[in-house]
Each structure stands twice: as C-alpha cells, then as structure tokens.
Protein chains: 4
Amino acid sequence: MNRPTATLLISCPDQKGLVAKFANFIYSNGGNIIHADQHTDFSAGLFLTRIEWELEGFNLPRDIISAAFGSIAQPLNAQWQLHFSDQTPRIAVWVSRQDHCLFDLIWRQRSQELRAEIPLIISNHPHLQGIAEQFGIAYHHIPITPDTKPDQEAKQLKLLQQYQIDLVVLAKYMQVLSSDFIAQFPRIINIHHSFLPAFPGANPYHRAYDRGVKIIGATAHYVTQDLDEGPIIEQDVVRVSHRDQVDDLIRKGKDLERVVLARAVRLHLQNRVLVYGNRTAVFA
Amino acid sequence: MNRPTATLLISCPDQKGLVAKFANFIYSNGGNIIHADQHTDFSAGLFLTRIEWELEGFNLPRDIISAAFGSIAQPLNAQWQLHFSDQTPRIAVWVSRQDHCLFDLIWRQRSQELRAEIPLIISNHPHLQGIAEQFGIAYHHIPITPDTKPDQEAKQLKLLQQYQIDLVVLAKYMQVLSSDFIAQFPRIINIHHSFLPAFPGANPYHRAYDRGVKIIGATAHYVTQDLDEGPIIEQDVVRVSHRDQVDDLIRKGKDLERVVLARAVRLHLQNRVLVYGNRTAVFA
Amino acid sequence: MNRPTATLLISCPDQKGLVAKFANFIYSNGGNIIHADQHTDFSAGLFLTRIEWELEGFNLPRDIISAAFGSIAQPLNAQWQLHFSDQTPRIAVWVSRQDHCLFDLIWRQRSQELRAEIPLIISNHPHLQGIAEQFGIAYHHIPITPDTKPDQEAKQLKLLQQYQIDLVVLAKYMQVLSSDFIAQFPRIINIHHSFLPAFPGANPYHRAYDRGVKIIGATAHYVTQDLDEGPIIEQDVVRVSHRDQVDDLIRKGKDLERVVLARAVRLHLQNRVLVYGNRTAVFA
Amino acid sequence: MNRPTATLLISCPDQKGLVAKFANFIYSNGGNIIHADQHTDFSAGLFLTRIEWELEGFNLPRDIISAAFGSIAQPLNAQWQLHFSDQTPRIAVWVSRQDHCLFDLIWRQRSQELRAEIPLIISNHPHLQGIAEQFGIAYHHIPITPDTKPDQEAKQLKLLQQYQIDLVVLAKYMQVLSSDFIAQFPRIINIHHSFLPAFPGANPYHRAYDRGVKIIGATAHYVTQDLDEGPIIEQDVVRVSHRDQVDDLIRKGKDLERVVLARAVRLHLQNRVLVYGNRTAVFA
C-alpha cells in the first residue's frame with residue numbers, strides 16, 4: 001500500500017462505543033480504513049487502538065484532522081498521536097565501536113525495509129567513520145568522559161535539532177544517557193544484548209556464560225531514566241550449549257541484536273507501538 | 001472474562017465503512033465490545049473480522065440477534081457465524097493406538113483450558129478403552145477395512161448425531177475419511193505429524209529422517225476432501241540433529257503434536273479461526 | 001539400543017592423551033563404544049566426557065569395572081560416575097496443587113519415554129491424591145509450616161530412603177527445601193517457571209506480565225542451597241504479546257514447564273548431564 | 001584458539017576400537033586433541049567422527065600426516081579428509097539481483113566470523129557490481145540464456161580455477177547449474193528460500209502464501225544434481241500470520257536466508273560438516 005495514509009494511535013479509559021466512535025469519525029469523513037486493531041487491557045481499564053486509513057478520498061484536509069479528532073478525543077480523556085505515512089522520519093544512529101547493527105540498519109534503510117532517512121551517526125569513538133563516508137552519512141565523533149558528559153550531551157542535543165531528528169537509535173552505543181538528556185529528547189530506542197530483565201547493565205554475555213544459561217536473548221526497548229527498564233518493544237532468543245564460549249555467545253548474540261533492533265525500529269516507524277505505563281501494545 | 005459473550009465471525013467483500021457499520025450494530029444496541037480484530041486481505045478483496053461483546057446489557061434478545069444482524073450483513077454479501085460463549089461445544093475425539101494427544105486433550109478439558117465437553121471417543125482399535133473408562137467417557141470401537149468403511153462411517157455419523165457432537169478432533173486417528181463423510185460432517189480438525197506441505201500422507205517421520213532435515217514440525221488443519229490439504233490453523237517445529245534416529249523424531253514429534261493440536265482446538269473453540277478460501281485468519 | 005550398556009561420566013584436568021586413555025580402557029577390555037562425546041572447557045582447564053559401551057562382550061565383570069577404571073582415573077585426578085542402563089532409577093515426584101507436570105511425567109514414564117520407576121509422590125497438599133490412586137502410586141501428604149518444617153523434612157528423607165529413591169523431581173512443589181535437606185539428598189531436579197536468571201523466586205508470571213516482556217520461559221535445574229541458582233539443565237521459551245494476561249502467561253507457561261522438566265529428567269536419567277562448577281555439559 | 005590445528009573428518013564401517021585407534025594416532029604422535037566428536041549411525045552401520053588437534057608439538061610433519069593416517073584408514077575402509085586451520089579457503093559468491101546474502105557474507109568475512117577469502121563474485125546480472133567495487137572484490141557479469149549456458153559455465157569454471165576457489169556459495173543465484181558443472185566443481189552451498197522439502201523450485205514464498213502456512217523457513221544445502229535435493233546443512237524458520245502478505249514473507253525470509261546461509265558456510269569452513277549418503281552429520 002503505497003498511497004499516503006494517516007494513522008491514529010489512541011489510548012483512553014475503556015467505555016462502551018469506542019470502536020464505533022472512532023470508526024465513525026473516519027467513515028463519516030469518507031475515509032477507507034486499511035488497518036484497525038484494538039485491545040482492551042482490563043486490568044488497567046484501558047482501551048488501546050491503532051487505526052490507519054487512506055488519505056485519498058478523505059474529506060478533511062490534513063491540517064484539520066488533528067483538531068477535528070481532538071473534539072472527539074477530549075471528552076473521552078484519550079491520549080493520541082497522528083502520523084502521516086508520507087512524512088519520512090529522520091533517524092540518528094548512535095554507535096560505539098561495533099558495526100553490525102549500524103551496517104544492518106543502513107542496509108535495511110537502503111533496501112526500503114525501513115522507511116526513514118538516516119542523515120546522522122553519532123559515536124563516542126572514531127572507528128566507524130569509514131562506514132559513514134561509504135554511505136554518505138554525517139558522522140560526529142563525540143567522546144564522553146564523566147567530566148565532559150554534560151557538555152557533550154548539549155552538543156548531541158544540538159545535532160539532533162540541527163539534523164531535525166525524530167528518532168535516536170542506540171545501535172550498541174554502550175553509554176548511559178543522563179536523565180536530563182532523555183527528558184529533552186525522549187524518542188530513543190536501545191538494543192540491549194540480553195533477554196531482559198535477565199542481565200541488565202554491563203557485560204551480559206559474560207554473565208550469561210557464567211550462569212550457564214542454555215538460551216541467550218536480545219531486547220529492544222524505549223529508553224527511560226531507569227537503565228534497561230524501559231518499555232520492551234521486541235525480544236528474541238537463540239539456543240546455546242556448553243560448547244559455546246563467551247566469544248560464541250557474542251557472535252550468536254550479534255545476529256539476534258541486529259534482527260531484534262531492526263524489527264523494533266520498523267514497528268516504531270510504522271506507528272505500530274503504543275506505550276502505556278511501562279508496557280507496549282504492538283499492533284503488528 | 002466469565003460473563004457470557006456473543007461473537008461474530010464475518011467475511012465480506014471489502015468496502016468503506018465496514019468497521020463503523022459492525023461496531024454501530026453492537027453499540028446502538030447497548031453492547032460492550034471486549035474484543036474486535038479485523039483484517040483486510042487486499043489480494044482477495046476481502047474484509048475479515050471477529051467481534052466479541054458482552055451479552056449483559058445488550059438490548060437484543062439472543063434469538064433476535066441473528067435476524068437483526070442479517071439485515072445488515074445481507075446487503076454487504078457477508079458470510080458470518082454467531083456464537084454464544086455459554087453454549088459449550090461437544091467434542092468427539094477420534095484415535096487409533098497412540099494416546100498422547102488424547103490424554104492431553106482430556107487433561108486440558110479437565111483443567112478448563114478447553115471449554116468443551118468430551119462425551120465421546122471413537123477408535124478403529126480397542127487399545128485406548130481403558131483411558132476412556134478412567135475418565136468416564138463413552139468409547140466406541142469401530143474397526144475399518146476398505147470393505148466395511150461405508151457402513152462404519154454411517155455408524156460414526158450416527159454416533160456424532162446421537163452425542164450431539166459439534167466438533168470432531170482427529171487425535172492421531174491415522175485413517176482417511178471419505179469425501180462423503182466430510183460432506184456430511186465438515187467440522188473436523190486433524191493433527192498431521194509433519195510441517196505441511198512437507199511430507200503429506202503416511203510415515204512423515206521416516207521420510208523426514210531419510211531426507212536429513214534439521215527441523216521437524218506438526219500441523220493442525222481443518223479436514224477437507226484433499227488429504228492433508230485443508231486450511232492450516234497452527235504449526236510448530238522443533239530442531240533435530242544427525243544424532244536423532246527415527247524413534248527420536250517420533251518422540252520429539254509427540255510433544256509438538258500435543259501442543260499444536262491443543263492450540264488449534266482452543267482457537268477453534270474460542271471462535272478465533274475464520275476460514276476463507278483455503279486459508280485461515282486466526283484472531284488470537 | 002536395548003542391550004545393557006555402561007556409561008562413564010568423567011571430568012578431569014585437561015592434558016594430552018585423555019581420549020586415547022579412556023577409549024583404550026574400553027577397547028582393550030573388548031567393549032564396543034556406542035556413544036562417546038567430549039568437551040574441553042579451556043577457561044576452566046577441564047576435560048569432560050561421556051562414554052557409553054555395550055556390556056555384552058565386555059571382558060570385565062560389572063563389579064570390577066569401577067576398581068579397574070579407578071586405577072586409570074586416580075592419577076589423572078578425575079571425578080567420575082559409572083552407571084548401568086539396566087538398573088532402573090527410582091523417582092519421587094514432589095507436587096503442590098498443580099497437576100500438569102505430574103500427569104506429564106507419569107504419562108512419559110508409562111509410555112517408556114522415561115526409563116524409571118515412580119513409586120512415590122510427596123505433596124504438601126492433599127489435592128492430587130486421586131491421581132496417585134489412579135496410577136497406583138503411593139501418595140504421602142506432608143504439610144509444611146515454618147514450625148514443622150524440620151520434622152517434616154525428616155519424614156520426607158525417611159520416605160526417600162524407604163522407597164529407595166534415586167532422584168527427587170520437584171514438579172511445581174512451590175516450597176523451598178532447607179540446606180540441611182539438600183546436603184543429605186542432593187539429587188534433586190526443579191522446574192522453575194521463568195527464564196532464569198530473570199524472575200527467580202515467587203510469582204514469576206505476574207512479574208513477567210508487569211515487566212511487559214515479549215517472551216516467557218521455563219528452566220529446569222539441579223537444586224542447590226541458593227534458591228533458583230543451581231546448575232541449569234534445560235530452558236525453553238514461548239512468545240507472548242500484549243494480548244496475553246497473567247492467566248494466559250500461566251497457561252502458556254504450563255506447556256513449557258511440562259516439556260522442559262521432562263527433557264531435563266530424561267537427560268539426567270540417560271546420564272547425559274555432567275555438572276561442573278555451577279554449569280552443566282549436556283551430552284545430548 | 002588461534003594456534004594452527006589439523007582436523008580429520010572420517011567415516012567408516014562401524015567396528016570395535018575405532019575411537020581408540022584414531023585417538024591413539026594423535027596421541028602417539030604427541031598431538032593435543034582440542035575437539036573430538038563422533039556419531040554412530042546404526043541404521044547405516046557407519047561410524048562418523050571429527051577430530052581436531054594442535055599442530056604445535058605434533059611430531060609428524062604436515063606433509064606426512066596424510067600418508068601416515070592413510071595406513072590406519074585403509075584397512076578400515078575409511079573415507080576421510082584432512083584440513084589445516086591456517087590454510088584459508090577461498091570463496092566465490094554467486095548472486096543474481098538480491099544483495100542481502102552477499103552483504104551479509106562480506107560483513108561476516110570482514111569481521112572474521114568467516115575465516116575465508118572472498119576474491120570473486122559471479123553474477124548473471126550487473127546490478128551488484130557497485131558492492132563488489134566498494135569492497136574491492138572482482139565482479140564477473142556472466143549472463144545466462146538456455147543457448148549460452150554451456151559456454152558460460154565453461155567461463156565460470158575457468159574463473160573458479162583462475163581465482164583458486166575452494167567453495168562456491170550460491171547466495172540467491174536463482175539459476176540451476178548443469179550436472180556437468182556440478183560434476184566438475186562439486187563444493188557448492190546453496191540457500192533455498194523455503195523449509196525444504198516443502199516448496200522446492202521456483203517462487204517458494206508465493207506458494208507458501210497460497211498454502212496458508214503459519215511458519216516459513218530457509219534451507220542451506222550442498223548442491224547435487226537433483227534440484228533442491230542435496231544434503232541439508234542447516235535450516236531455520238520464522239512464524240508468519242494471516243496479516244503477512246507475500247512481500248512480508250519475502251522480507252521475513254531474507255533475515256532467515258542470511259542467517260541460515262552464514263551458519264552453513266561457517267560450519268563448512270570449520271570442517272564441521274560430514275556428508276554421508278544424502279545426509280550430514282554436523283559436529284557443532
């Protein structure tokens with residue numbers, strides 16, 4: 001479906017008639033729904049929905065939709081986002097020294113699996129500059145020490161603004177962001193190289209090896225102020241055995257990290273992830 | 001959610017306004033939707049949906065719902081089924097000599113994972129009569145030879161009628177049903193011990209071993225007149241290695257067969273499976 | 001392979017010639033090796049091996065093998081166990097109120113997937129007595145309170161002795177055993193209903209739900225004095241989504257628990273699990 | 001383990017003493033075995049083994065090992081291969097228009113996951129020349145028509161000779177090789193984009209979609225004269241649903257293809273794959 005669409009992600013207190021109200025809003029304005037999915041979380045008392053419809057033939061002009069829907073949403077105490085499929089999000093990929101997730105994201109963007117621009121790479125190391133050049137992406141090397149961190153984060157924020165970045169992807173960035181930073185730029189996806197909540201923090205593969213687990217995993221999540229505690233978007237696992245040394249775990253883990261991160265970024269870009277509390281509903 | 005609900009499974013040619021029309025039908029009659037899911041199959045031009053709502057507070061009496069909804073559905077050329085959650089379906093389990101799927105279904109029914117009655121077991125062998133007795137289920141031993149098949153199938157149909165059976169589950173029955181039988185009683189789920197369409201027909205584990213596959217599977221599907229060609233409800237797989245002999249494949253496969261069959265039966269009983277063409281939409 | 005075999009599980013400091021020495025011991029005494037597998041853990045400097053050979057045609061009488069092999073093993077500082085396949089191990093299954101793992105173990109034992117006797121069930125609740133009776137297994141109801149625990153554990157130990165139990169399987173026993181007990185009877189396998197080390201301790205499914213994970217797991221491990229910290233034998237996982245409530249996690253988890261526990265018990269019974277440090281080598 | 005090693009892959013009719021004989025050959029010449037694995041296929045009456053030992057301290061010069069081992073192997077009717085870890089194999093990657101497997105193999109080779117050289121890319125299309133240039137790899141565009149095939153295959157064979165290629169990897173080459181070609185250069189690994197033996201031949205994703213399967217797969221296998229019938233090295237699968245259109249299957253499948261092909265090539269390069277009959281033992 002390459003015709004432009006609009007997507008609403010809505011969460012509101014559950015009550016009768018919500019599906020009808022939202023569907024009527026689209027239908028009465030001449031819209032053709034191409035995807036609608038909803039979920040009621042009874043324990044939270046919340047109704048969550050994703051509705052996507054074609055803009056062609058829709059009677060409301062784009063700049064009116066928000067206000068028009070607002071008058072329905074407000075009495076319902078709904079929280080909602082509106083996205084247009086032909087507004088391409090801009091991603092900054094943040095890396096340290098490992099290149100596998102970066103390469104993978106670039107390849108997927110180039111092959112149109114990810115509908116986004118990647119105009120910016122930020123790293124605390126100079127190692128991956130060559131890849132940036134190879135693909136014509138700006139690369140900013142911003143080393144971080146405990147002392148310089150506040151200043152450097154200010155630089156990073158400025159770059160995000162300058163490059164009009166919509167989403168930061170931490171593609172094995174291996175640095176903790178400050179609460180301050182996250183408060184100012186909250187749209188961040190991280191890949192953690194373990195099956196969270198097992199092995200949060202540093203060196204998860206070494207610790208997985210020491211524990212003697214038979215399966216390892218990777219977790220993509222939104223970044224919040226609590227390290228490795230943000231809402232999980234996607235996880236996957238792979239089997240290991242006593243024959244696998246730490247190096248083997250790292251190697252097998254790289255394949256997981258690439259795929260799990262890419263799936264999460266894709267779901268986010270397609271506006272399929274609705275965060276509520278510390279959880280996500282993924283309308284895949 | 002233990003309060004009684006009604007569920008509609010609907011498929012109809014795609015057009016604008018369907019979500020709104022169906023949701024309005026529930027809402028305007030005072031119904032509270034607790035699950036709604038839809039899918040548009042653009043290649044088939046079909047809109048498919050499952051809507052479940054609470055009967056409490058719904059203004060239409062049960063015996064009117066069907067007629068009332070029909071007046072909406074007919075102009076849309078919709079096909080639809082209506083189910084009530086407090087009408088417990090009755091299952092006949094058909095077996096040969098293997099007991100693992102039978103045991104599993106009975107255990108799940110007893111532990112209320114499957115909301116159904118199991119009043120009848122039919123087998124072409126006498127071997128599992130003891131299990132039937134243990135759990136107080138009627139057991140009918142109906143041996144089949146090419147010559148006696150038509151007569152025996154007539155007996156089987158009579159039993160299904162007598163026990164008011166809604167669903168036949170072939171739990172490793174290992175016999176092919178005639179087209180005639182299927183035409184007269186089409187609500188049949190089979191578990192096939194391979195990852196279809198690989199290894200249809202007899203002895204799939206032996207053939208999987210001979211082919212040297214590294215993964216084996218099991219497939220639960222509705223039975224149609226073409227052997228092992230019916231709409232697939234659920235599949236799953238397990239890894240094998242060169243160390244696994246045919247006996248190991250059979251043993252590992254049994255765990256798959258139990259789980260895959262149980263999932264499929266549960267999905268069916270919850271009216272989550274919508275068949276269209278030779279495919280299923282599973283609103284899980 | 002139903003002819004009787006002997007199996008050696010050996011671990012010793014790595015050095016040259018170990019494969020040759022152990023293989024020569026079997027060969028020079030006329031034995032036919034049917035399975036041999038070894039692993040060198042270079043980080044631990046340990047050589048680990050499992051060797052199984054047919055007793056038919058082996059020149060050493062059974063009661064001599066141990067002494068004969070000891071004279072090879074001692075100079076190598078090897079630790080080793082010797083098992084005969086025709087000595088059937090005796091299992092006590094310990095349960096609380098949930099029956100799914102118990103049922104599963106009994107079914108597998110009856111169908112000869114598990115070569116063992118199950119003469120004894122111990123429970124802190126009376127609920128599953130009926131199952132014991134159904135299958136002709138002794139059932140001892142031993143309720144536990146903090147005050148009575150020492151006395152009750154003494155009773156339990158006495159029962160294990162009386163029934164000549166080789167292995168205790170905690171099939172959702174939901175009680176912590178004292179260090180004292182474990183010291184006196186260390187051959188215990190537990191199934192924990194999470195993907196350890198995530199969610200050790202109580203209520204893992206509730207905590208998995210609260211954390212919003214996308215995959216849940218189960219872990220079978222040997223019991224040590226540190227709760228849920230013993231050597232892991234087997235793990236497996238299943239995918240969940242935002243649609244799955246705690247009850248769904250529990251239901252999906254039961255299927256995992258059954259399969260993971262059964263695999264671990266089978267591997268143990270076939271003498272395929274070699275514990276070293278807090279790890280296992282599984283010669284599957 | 002970066003010190004140079006030798007590896008023997010041996011298959012021979014089963015008999016007593018084989019483990020001892022092979023281990024003694026290494027030990028008596030001062031070798032330190034770092035990996036040994038064996039398997040007896042009782043149905044085929046075959047003993048299969050992989051033995052890897054360090055060359056440092058081994059008393060036989062490299063150019064003698066083969067002859068020395070031959071005198072042991074011949075009376076046993078053994079078939080065997082000898083490999084040295086410091087002789088880097090040379091790979092030719094063959095592609096059509098899709099770049100995902102090519103990119104992946106190059107990245108893994110660059111990051112030393114695959115110990116091999118990739119000096120040559122052959123394609124029946126010009127599309128991926130840019131990638132070859134980017135990474136400094138020779139690219140030969142050899143279009144194929146039914147008429148030109150014999151001549152073009154002659155060219156291809158010449159290139160393999162010229163570049164001293166040890167292994168051809170068909171990374172979505174989408175062309176069938178002639179029996180003649182395979183007879184002259186039999187060391188070929190192919191990735192097939194289905195879970196063989198399901199959907200051999202063309203358009204497996206379309207056919208998987210049409211069949212309504214709930215899981216799709218990919219298969220890496222050695223190429224033999226029977227299309228998609230060669231010995232399977234590795235397979236893996238991913239779950240799909242009714243929401244996945246053919247394009248989604250293709251996209252999900254690409255991730256499978258990359259990983260499955262890479263695993264198979266890595267296992268082959270580490271001499272862990274022993275072909276016998278139409279099967280493989282994978283000593284992973």
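### Examining the pairing of strand 1 (residues 5-13) of chain D
Residue and element names in this part refer to chain D.
1) Next: When you tally the buried positions in strand 1, you get eight out of nine residues, the bulk of the element.
2) Next: In this sheet, strand 3 (residues 46-54) lies alongside strand 1 in antiparallel orientation, the contact comprising nine bridges. Along strand 3, the bridge assignment pairs Thr7 with Glu52.
3) Next: Direction of pairing for strand 1 relative to strand 4 (residues 79-84): antiparallel, over a ladder of six bridges. Bridge pairing in strand 4 places Ser11 opposite Gln79.

### Some thoughts on the sheet that holds strand 5 (residues 90-95) of chain A
All names here are of chain A.
1) Next: Spatially, seven strands are ordered 7-6-5-8-9-10-11 in an open sheet, and the strand pairing comes out mixed. At either margin of the open sheet sits one strand with a lone partner, and together these are strand 7 (138-141) and strand 11 (232-239). Taken pair by pair, the neighbouring strands of this sheet meet at an average axis angle of 15°, ignoring direction.
2) Next: Strand direction decides the pairing type here: strand 6 (residues 117-123) and strand 7, joined by four bridges, are parallel. The residue of strand 7 that forms the bridge with Ile122 is His140.
3) Next: Each of strand 5, strand 6, strand 8 (167-170) and strand 9 (188-192) touches helix 3 (residues 100-110); the most contacted strand, strand 6, lies at about 170° to it.

### A look at the side chain of Arg211 of chain B
1) Next: Turning to its location among the elements, Arg211 of chain B is positioned in helix 7 (residues 204-211).
2) Next: By relative accessible area, Arg211 of chain B is classed as buried at 8%.
3) Next: Of the polar contacts made by the side chain of Arg211 of chain B, one reaches the backbone oxygen of Gly230 of chain D; its length is 3.0 Å.
4) Next: Once you skip the residues sitting within four places of it in the chain, Arg211 of chain B turns out to touch Phe199 of chain B together with Pro197, Asp228, Glu229, Gly230, Ile232 and Asn278 of chain D.

### Observations concerning the relation of the copies chain D and chain C
1) Next: By a simple turn and slide, chain D fits onto chain C: the slide is 0.0 Å along the axis, the RMSD is 0.0 Å, and the turn is 180°. Taken together, the rotation and translation describe the operation of a two-fold axis.
2) Next: Interface residue correspondence from chain D to chain C reaches 100%, placing this contact among same-surface, isologous pairings.

### Digging into the sheet that holds strand 11 (residues 232-239) of chain C
Residues and elements named next belong to chain C.
1) Next: Taken in spatial order, the seven strands of this open sheet run 7-6-5-8-9-10-11, and their pairing is mixed. Each edge of the open sheet carries a strand with a single partner, namely strand 7 (138-141) and strand 11. Strand-to-strand twist across the sheet, computed as the mean angle between neighbouring axes with direction ignored, equals 15°.
2) Next: Its contacts with the sheet place helix 5 (residues 149-162) against strand 5 (90-95), strand 6 (117-123), strand 7 and strand 8 (167-170), and it is angled at close to 170° to strand 6.

### A few points about the domain arrangement of chain A
Residues and elements named next belong to chain A.
1) Next: Each domain of chain A was delimited in the assignment, giving domain 1 (5-84) and domain 2 (90-282).
2) Next: When each unit is reduced to the centre of its C-alpha atoms, the spacing between domain 1 and domain 2 is 31 Å.
3) Next: At the interface, twelve residues of domain 1 touch eight residues of domain 2.
4) Next: Together, the buried faces of domain 1 and domain 2 total about 780 Å²; carbon and sulfur atoms form 59% of this surface.
5) Next: The largest per-residue losses of area from domain 1 upon contact with domain 2 belong to Leu9, Leu48 and Arg50, which jointly make up 49% of the total buried on that side.
6) Next: Summed over the shared surface of domain 1 and domain 2, the result is zero salt bridges.
7) Next: Summed over the shared surface of domain 1 and domain 2, the number is four residue pairs in polar contact (both at pLDDT 80 or more).
8) Next: Of all the secondary structure elements, the ones that give two or more residues to the side of domain 1 that touches domain 2 are strand 1 (5-13), strand 2 (32-41) and strand 3 (46-54).
9) Next: No other element matches strand 3, which puts five residues into the side of domain 1 that touches domain 2.
10) Next: Of the residues assigned to the side of domain 1 that touches domain 2, the class counts are four nonpolar, five polar and three charged.

### Regarding the pattern of salt bridges
1) Next: What the rule picks out here adds up to 68 salt bridges over all chains.
2) Next: Because the salt bridges share partners, they merge into one network encompassing Asp104, Arg108 and Glu113 of chain A together with Asp255 and Arg258 of chain D.

### Description of helix 7 (residues 204-211) of chain D
1) Next: Taken residue by residue, helix 7 of chain D has Pro204, Tyr205, Ala208, Tyr209 and Arg211 of chain D as its buried positions. Looking straight down helix 7 of chain D, one finds its buried side chains confined to an arc of 165°; they lie on one side.
2) Next: Each element contacted by the buried residues of helix 7 of chain D is listed here: strand 2 (32-41), strand 11 (232-239) and strand 13 (279-282) of chain B together with strand 9 (188-192), strand 10 (215-222) and helix 8 (246-269) of chain D.
3) Next: Backbone geometry just after helix 7 of chain D places Gly212 of chain D at a positive phi near 75°.

### What about the interface of chain D and chain C?
1) Next: Taken residue by residue, the interface counts 21 residues in chain D and 21 residues in chain C.
2) Next: Buried surface at the junction of chain D and chain C, summed over both partners, amounts to about 1800 Å²; 59% is from carbon and sulfur atoms.
3) Next: Of all residues in chain D, Lys16, Tyr27 and Phe42 of chain D give up the largest surface area on contact with chain C, accounting jointly for 29% of the area buried on that side.
4) Next: Where chain D packs against chain C, one counts five residue pairs in polar contact (both at pLDDT 80 or more).
5) Next: The class makeup of the residues in the side of chain D that touches chain C is nine nonpolar, nine polar and three charged.

### Quick look at the relation of the copies chain A and chain C
1) Next: With an RMSD of 0.0 Å, chain A superimposes on chain C once it is rotated by 180° and translated 0.0 Å along the axis.
2) Next: Interface overlap between copies is the fraction of interface residues in one copy that are interface residues in the other; for chain A against chain C it reaches 100%, indicating a shared surface.

### Details of the interface of chain A and chain C
1) Next: With 37 residues of chain A in contact, the opposing surface of chain C contributes 37 residues.
2) Next: Taken over both partners, the interface formed by chain A and chain C buries close to 3300 Å², and the fraction arising from carbon and sulfur atoms is 47%.
3) Next: For the chain A face of the interface with chain C, the top three residues by lost area are Arg211, His242 and Arg279 of chain A, together amounting to 23%.
4) Next: As a salt-bridge pair, Arg243 of chain C and Asp37 of chain A come within 2.5 Å of each other at their nearest N and O atoms.

### Overview of the environment of Glu234 of chain B
1) Next: With respect to the element layout, Glu234 of chain B can be found in strand 11.
2) Next: Glu234 of chain B sits in the buried class, given a relative accessible area of 8%.
3) Next: Separated by 25 residues in the primary sequence, Glu234 of chain B and Val259 of chain B place their C-alpha atoms 9.8 Å from one another.
4) Next: When neighbours within four sequence positions are excluded, Glu234 of chain B is seen to be in contact with Ala218, Thr219, Ala220, Val260, Arg263 and Ala264 of chain B together with Lys214 and Arg239 of chain D.
5) Next: Of the polar contacts made by the side chain of Glu234 of chain B, one reaches the side chain of Arg239 of chain D; its length is 3.2 Å.

### Some points on the packing of helix 3 (residues 100-110) of chain B against helix 3 (residues 100-110) of chain C
1) Next: At their nearest, the axes of helix 3 of chain B and helix 3 of chain C sit 12 Å apart, and the two run at 160° to each other. Taken together, the axes of helix 3 of chain B and helix 3 of chain C are roughly antiparallel relative to one another. The element helix 3 of chain B and its partner helix 3 of chain C pack so that their crossing is right-handed. Together, His100, Phe103 and Trp107 of chain B of helix 3 of chain B and His100, Phe103 and Trp107 of chain C of helix 3 of chain C make up the contact between the two elements.
2) Next: Split by residue class, the contact of helix 3 of chain B with helix 3 of chain C holds four nonpolar, two polar and no charged.

### What about the nonpolar core?
1) Next: Core analysis: the biggest nonpolar cluster contains 192 residues, and Val265 of chain A, Val265 of chain B, Val265 of chain C together with Val265 of chain D have the highest contact counts within it.
2) Next: When neighbours within four sequence positions are excluded, Val265 of chain D is seen to be in contact with Ile91, Leu105, Leu114, Leu167, Val169 and Ile189 of chain D.
3) Next: Within the second largest apolar cluster, 51 residues are counted, among which are Ala23, Phe25 and Leu76 of chain C together with Phe69 of chain D.

Procedures and definitions
Residues numbered from 1 in each chain as written. Chains lettered and ligands numbered in written order. Predicted model: local features only at pLDDT ≥ 70, side-chain atom pairs only at ≥ 80, totals over all residues. Heavy atoms only, no water. Buried < 20%, exposed > 50% of the residue type's maximum accessible area, 1.4 Å probe, protein only. Helix = DSSP H or I, 4+ residues; strand = E, 2+ residues; numbered from the N terminus. Pairing = 2+ DSSP bridges. Axes fitted to C-alpha atoms, helices over the stretch in contact; angles between N-to-C directions. Contact = heavy atoms within 4.5 Å. Polar contact = N/O pair within 3.5 Å; in protein donor to acceptor, adjacent residues only side chain to side chain. Least-squares fit on C-alpha atoms with pLDDT ≥ 70 in both. Domains from an automatic or database assignment. Buried area = accessible area lost by both parts, 1.4 Å probe. Salt bridge = Lys/Arg side-chain N within 4 Å of Asp/Glu carboxyl O. Nonpolar A, V, L, I, M, F, W, Y, C, P; charged D, E, K, R; others polar. Arc of directions from axis to C-beta. Parallel < 35°, antiparallel > 145°, perpendicular 65-115°, else oblique. Left-handed = near helix turned anticlockwise from the far one by under 90°. Core = buried A, V, L, I, M, F, W, Y, C linked by side-chain atoms within 4.5 Å.

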